[in-house]
Amino acid sequence: MTTLEDPATEVDAVGVHERRRVIGTSQLRKEDDRLLRGDGRFTDDVDPARVLYMAVARCPYPHARIVRVDASAAAALDGVEHVLTPADIRRDTEPLTVLRPVPGAPQLPYYALAQDVATHEGQPVVSVVASSRHVAEDALELLDISYEPLPHVVDVLAALEPDAPVLHPSVLDSNLLAANSDGSGDPDARFAEADVVVEGRFRINRVTALPMETRGVVAEWRPGARELTVHCSSQVPHLIRKQLAETLRLHESDVRAVASDVGGGFGLKLGVFPEDVLACLHAIALRRPVKWSEDRAEHFRGSTHARESVHDYRIAADSTGRILAMTNVYATDIGGWNSPFGSAQLSSVVFNGPYKISDGYTERRVTLTNKTPVGAYRGYGQPEVNFAYERLMDQLARRLELDPVELRARNMVTPRDMPWKNPVGAVYDSGDYERCLRMAADAVDWAGHRAAGRTPRPDGRLVGIGFASFVERTGYASSRFLAKRGSVFGAHESVTLRANRSGGIDVYTGVSTMGQSSETAFAQVVADVVGTDYDAVRVHAGDTGASPLNTGAFASRTMIAAAGALRSAAEQLAAKTRRIAAWQLEAPVDEMEVAGSVVRVRADHSRALPLAAVYTTAITGQGMPPEEEPGLEATAHFEPPDAAYSFGTAAAQVAVDPLTGEFDIERFVLVHDGGTVVNPTIVEGQVRGGLAQGFGAALTEELRYDPETGQLVNGSMVDYFVPTAADLPHVELLHTAVPSPVTPFGVRGVGEAGTIPPGAAVANAVCDALADHGVELSALPITPEAIWSALAGRSSGGGDPELTPTTTDLPDGGVEY
Amino acid sequence: MTSVENPSEVLVETVTTVNGRVVTANVPARLHVADFLRQHLGLTGTHLGCEQGACGMCTVIVDGEAVKSCLMLACQLDGRNVQTVESLAEGDELNPLQQAFKEEHALQCGFCSPGFLMTATALAHQGRRPGRDEIREEITGVLCRCTGYDNVVTAIERWFAENPQGASEDPLPAVTDTIATQG
Ligand code: FES
Ligand code: FES
């Protein structure tokens with residue numbers, strides 16, 4: 001990895017002195033030993049005595065009335081302990097709640113078991129608990145459920161037609177859950193006066209996050225103690241606690257949620273799902289632990305999907321290629337219900353990407369269809385719009401006969417412009433977008449490629465290079481923003497640090513461990529700020545019974561918010577450590593320093609006390625300075641003042657067979673800026689992992705529904721193609737490191753960037769190669785078949801009316817993202 | 001509630017060796033090896049991701065070969081020798097393969113790691129010395145959604161380079177004791 005600026009210099013600027021620095025180094029991970037020894041504790045590994053197993057009967061139709069449920073034969077089977085039917089749920093629970101609501105959307109009556117009507121294949125209808133998973137599944141076979149299939153709709157645009165069957169007639173007249181528009185200026189006037197307008201309809205495929213560990217829950221109830229302990233595979237244990245309490249009509253103090261090791265989340269494991277509620281109800285009824293481990297067939301139908309949307313994009317420009325206005329009106333599919341994180345909101349926030357425009361608008365139409373609910377997935381709306389605006393940038397360059405790199409450079413927000421507010425109110429904090437673009441162009445020898453022209457290779461293949469520049473919103477722009485959007489969580493993180501008698505520091509956090517290496521990064525920050533050894537810091541993650549209330553691990557926000565809380569708590573703990581030691585050594589406090597396992601006088605290292613001794617003093621309260629309280633523990637909260645925007649440019653080189661549409665990605669370069677780097681190896685791992693998911697969604701992954709039956713046709717790992725080790729192109733990573741002014745240490749989020757540019761870069765490369773054939777791709781995934789169809793002029797599409805905006809009055813300046 | 005007997009619950013006596021211990025167990029006929037290891041023996045390092053043979057999370061070594069333990073029944077283990085990820089570490093120390101994974105950052109959530117570790121270990125048992133491209137092909141049976149695989153390939157490549165003796169090691173742990181478990 002190439003890093004242009006040494007991030008460590010920036011660390012100095014915030015007051016971490018010349019100790020051996022841990023931030024900015026590739027420390028080996030805290031998480032690894034247990035995971036490599038098979039000693040992780042994933043939810044299914046939790047195995048309490050007398051545990052019972054749950055299985056769930058699911059609606060096999062996309063839309064059906066539940067006419068009758070007879071569970072008597074199932075209940076009578078040897079080993080079956082308990083059955084829940086829709087009526088039990090209506091009586092004993094409240095509907096499931098949403099964490100990140102769509103502004104203007106009504107609450108849907110979403111119960112843990114379908115009431116009267118199920119709106120997607122896979123929606124839970126009955127649940128059974130038995131002595132083993134096998135027996136519970138045997139019991140499902142004995143259930144007698146009669147369904148009356150109802151007309152269904154699975155296409156997102158068809159669902160908005162007036163004759164479409166309405167999914168939730170009790171609260172809505174149509175399948176439009178809500179429409180949200182934002183913008184500034186007078187884009188219509190700019191379009192009228194533009195020299196050139198490029199526009200297109202872009203279809204984004206339905207994909208799924210597919211963590212290797214499916215969802216799971218183990219619930220245990222002690223009635224005398226009124227204590228419900230819930231082990232779950234979740235990114236947000238504190239929000240699980242809140243949602244379960246609401247739905248189960250308990251107090252939050254009755255619920256303890258624990259997410260220890262999580263086998264991948266990627267946004268899918270945000271919030272309470274129906275099965276979590278069901279397992280708790282069974283456990284409460286039976287007074288025995290109940291476990292449910294989602295199988296993969298259930299996961300494909302009962303978890304969440306992502307990304308599916310149709311974008312009508314327009315860009316207006318003058319004859320020199322200066323962009324005058326940009327608009328995006330899009331329908332985004334939310335499936336049969338509003339899942340906790342529902343429809344992706346960032347498609348609107350960064351609809352203009354890295355380009356400087358003052359006139360623009362975006363309108364989101366959140367649309368219900370008879371499919372599995374859509375939830376958050378790494379990228380959260382950003383890969384979708386990047387594909388559309390970057391495809392249009394290349395089309396604009398072709399129309400104006402401009403170099404697409406120069407066109408991009410001419411329109412990018414510059415370092416001098418920032419902080420800069422885009423038309424919907426997003427404030428881009430800092431960065432050098434053009435430098436990343438130029439580095440990518442140089443890396444793939446763009447100039448040489450332009451000069452060479454489009455001569456086919458001896459094998460007939462044509463070579464193309466494509467670019468995708470992007471910004472990535474990381475973290476949240478304050479709780480004020482979240483409140484405006486109706487979100488029920490904060491923008492801050494909270495941590496507790498506690499010294500122990502062995503001379504170590506325990507860190508307690510509600511951020512669960514799901515591969516993002518937060519245990520390692522948190523320990524690095526604490527070790528650095530205190531001055532103690534990395535090995536002396538231990539992170540205890542994901543237990544609401546032990547950690548301060550927090551928000552959780554999503555939106556690339558963990559490090560941005562947590563770093564501030566960690567720094568502040570570590571400073572408090574270190575300051576008290578120095579005060580105690582100074583008193584004991586009879587030295588001035590400002591001459592004390594913590595160094596490794598001791599605290600000592602800076603100028604005379606022979607005057608030192610072991611940290612274990614000082615910590616013991618505080619813990620026992622014996623030998624404390626007179627004015628000092630006993631104890632050595634600090635809790636701190638931190639809300640970043642603003643979101644930080646990561647950015648970068650990807651370049652892909654492809655060789656395409658113009659007869660068959662087959663292509664190879666021969667090179668893929670990503671130049672990325674994630675601000676100050678806490679741990680270079682981990683950052684690179686996050687970027688590469690994001691790219692792998694980005695390539696999957698761009699090239700091979702697509703969940704397809706049969707329009708006739710409304711059923712998912714490829715809902716298994718045998719039929720849904722996530723990349724294997726042999727499928728991914730070689731990726732070359734380059735980095736810049738411009739510290740963000742709005743975050744502690746200058747960090748930017750890095751978790752999602754990789755998912756954003758692969759689709760646009762590869763599609764632009766293919767279209768560059770096939771420019772003489774007039775191919776302009778406008779749908780994902782990019783398959784040889786799609787290219788072949790485009791080459792033969794066989795592409796479908798066209799004919800459908802464009803999505804036109806519903807408002808003419810734009811809220812000037814947006815809603816402050 | 002009167003109970004109706006379940007004809008599918010049939011037990012089979014099985015004697016097998018797992019990580020060097022002889023195990024005598026009465027296992028349900030339809031129980032697969034991964035569930036047997038996890039639920040009956042508490043060896044939860046073997047994970048499940050699909051129960052369809054497609055993801056490789058459940059990979060273990062049976063008689064020296066990598067096997068997807070979700071596709072094999074526990075009763076088929078009778079008379080065979082099983083090795084799981086729990087057998088790799090040497091006392092409290094990671095073995096060189098595990099150490100290579102740690103140093104090369106070949107894992108993030110770590111859910112897939114046991115599958116890769118057992119696949120690579122089985123290659124060594126077979127006396128194979130694959131190069132980088134071959135390693136890529138050989139591990140396609142195990143999926144990873146976090147890392148993008150590069151570091152996994154690098155870790156395995158490095159382990160083969162640094163441990164040329166790997167294959168001549170005793171392929172299976174020696175029998176140390178016996179345990180019995182109920183179905
Ligand atoms: S669980 Fe065995 S291959 Fe997926
Ligand atoms: S590290 Fe998470 S699946 Fe491989």
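Keep in mind the model is a prediction, meaning the values are calculated, not measured.

A few words on the overall build of chain B. The number of helices and strands found in chain B is 5 helices and 6 strands. Tracing chain B from N to C terminus, the helices and strands come up as β-β-α-β-β-β-α-α-α-α-β. Evaluated residue by residue, chain B yields a buried proportion of 56% over its 183 residues. Long-range pairs, those at least 24 residues apart, make up 61% of the contacts in chain B between residues at least 6 apart in sequence. Here chain B has roughly 7,300 Å² of accessible surface; of this, 46% comes from carbon and sulfur atoms.

Quick look at the packing of aromatic side chains now. According to the stated counting rule, one finds 14 aromatic pairs over all chains in the structure shown. Ring plane angle 90 degrees and centroid distance 6.1 Å describe the contact between Tyr 355 of chain A and Tyr 389 of chain A, whose orientation is recorded as edge-to-face. You can see Tyr 355 of chain A sitting in the loop between helix 10 (346-349) and strand 16 (359-368) and its partner Tyr 389 of chain A sitting in helix 11 (residues 382-400), a full 34 residues away along the chain. Classification of Tyr 389 of chain A by relative accessible area gives buried; the value is 1%. On the basis of an interplanar angle of 85 degrees and a centroid distance of 6.3 Å, the ring pair of Phe 116 of chain B and Tyr 149 of chain B is categorised as edge-to-face. In this pair, Phe 116 of chain B sits in helix 3 (residues 113-125) while Tyr 149 of chain B sits in the loop between helix 4 (132-138) and helix 5 (150-162), placing the two residues 33 residues apart along the sequence. Of the aromatic side chains, those joined through ring pairs into one cluster are Trp 420, Tyr 428, Tyr 433, Tyr 645 and Phe 647 of chain A. Positioned above the aromatic ring of Tyr 508 of chain A, the side-chain terminus of Arg 498 of chain A is 4.6 Å from the ring centre.

Glancing now at the domain arrangement of chain B. All names here are of chain B. In terms of domain boundaries, chain B breaks down into domain 1 (11-87 + 171-181) and domain 2 (96-168). Centre-to-centre, using C-alpha coordinates, domain 1 lies 21 Å away from domain 2. With both chains or domains summed, domain 1 and domain 2 bury close to 1,300 Å², and 66% of this area falls on carbon and sulfur atoms. Ranking the residues of domain 1 by area buried against domain 2 places His 47, Met 57 and Val 85 at the top, with a combined share of 36%. Between the two partners, domain 1 and domain 2, sit 5 residue pairs in polar contact (both at pLDDT 80 or more).

All names here are of chain B. Packing of helix 2 (residues 96-103) against helix 5 leaves a shortest axis separation of 8 Å and a crossing angle of 140 degrees. Considered as vectors, helix 2 and helix 5 are oriented oblique to each other. Considering how the two elements wind past one another, helix 2 and helix 5 form a crossing that is right-handed. Across the interface between the two elements, Pro 96, Leu 97, Ala 100, Phe 101 and Glu 103 from helix 2 touch Val 152, Ala 155, Ile 156, Arg 158 and Trp 159 from helix 5. Of the residues in the contact of helix 2 with helix 5, the class split is 8 nonpolar, no polar and 2 charged.

Another aspect to go through is the interface of chain A and chain B. Taken together, the contacts link 55 residues of chain A with 54 residues of chain B. Where chain A abuts chain B, roughly 4,500 Å² becomes buried across the two surfaces, and 57% of that area is made up of carbon and sulfur atoms. On the chain A side of the contact with chain B, Leu 36, Arg 37 and Met 212 of chain A bury the most area, a combined 17% of that side's loss. Note that Arg 38 of chain B and Asp 45 of chain A form a salt bridge whose closest N and O atoms lie 2.7 Å from each other. Counting the contacts that link chain A with chain B gives 20 residue pairs in polar contact (both at pLDDT 80 or more). If you list the elements that add at least two residues to the side of chain A that touches chain B, you get helix 2 (32-36), helix 3 (72-76), helix 5 (133-141) and helix 19 (680-700) of chain A. With 8 residues, helix 19 of chain A is the single largest residue contributor to the side of chain A that touches chain B. A class-by-class count of the residues in the side of chain A that touches chain B yields 26 nonpolar, 16 polar and 13 charged.

Below, the discussion takes up the pairing of strand 4 (residues 65-68) of chain B. As defined by bridge partners, strand 3 (residues 59-62) of chain B adjoins strand 4 of chain B across 4 bridges and the pair is classed as antiparallel. Each residue of the ladder has a partner; that of Val 60 of chain B, found in strand 4 of chain B, is Val 67 of chain B.

The rules behind these values
- Residues numbered from 1 in each chain as written.
- Chains lettered and ligands numbered in written order.
- Predicted model: local features only at pLDDT ≥ 70, side-chain atom pairs only at ≥ 80, totals over all residues.
- Heavy atoms only, no water.
- Helix = DSSP H or I, 4+ residues; strand = E, 2+ residues; numbered from the N terminus.
- Buried < 20%, exposed > 50% of the residue type's maximum accessible area, 1.4 Å probe, protein only.
- Contact = heavy atoms within 4.5 Å.
- Areas by Shrake-Rupley, 256 points an atom, 1.4 Å probe, with all protein chains shown as cover.
- Phe/Tyr/Trp six-rings, centres within 6.5 Å; stacked < 30°, edge-to-face > 60°.
- Lys NZ or Arg CZ within 6 Å of the ring centre and 35° of its normal.
- Domains from an automatic or database assignment.
- Buried area = accessible area lost by both parts, 1.4 Å probe.
- Polar contact = N/O pair within 3.5 Å; in protein donor to acceptor, adjacent residues only side chain to side chain.
- Axes fitted to C-alpha atoms, helices over the stretch in contact; angles between N-to-C directions.
- Parallel < 35°, antiparallel > 145°, perpendicular 65-115°, else oblique.
- Left-handed = near helix turned anticlockwise from the far one by under 90°.
- Nonpolar A, V, L, I, M, F, W, Y, C, P; charged D, E, K, R; others polar.
- Salt bridge = Lys/Arg side-chain N within 4 Å of Asp/Glu carboxyl O.
- Pairing = 2+ DSSP bridges.

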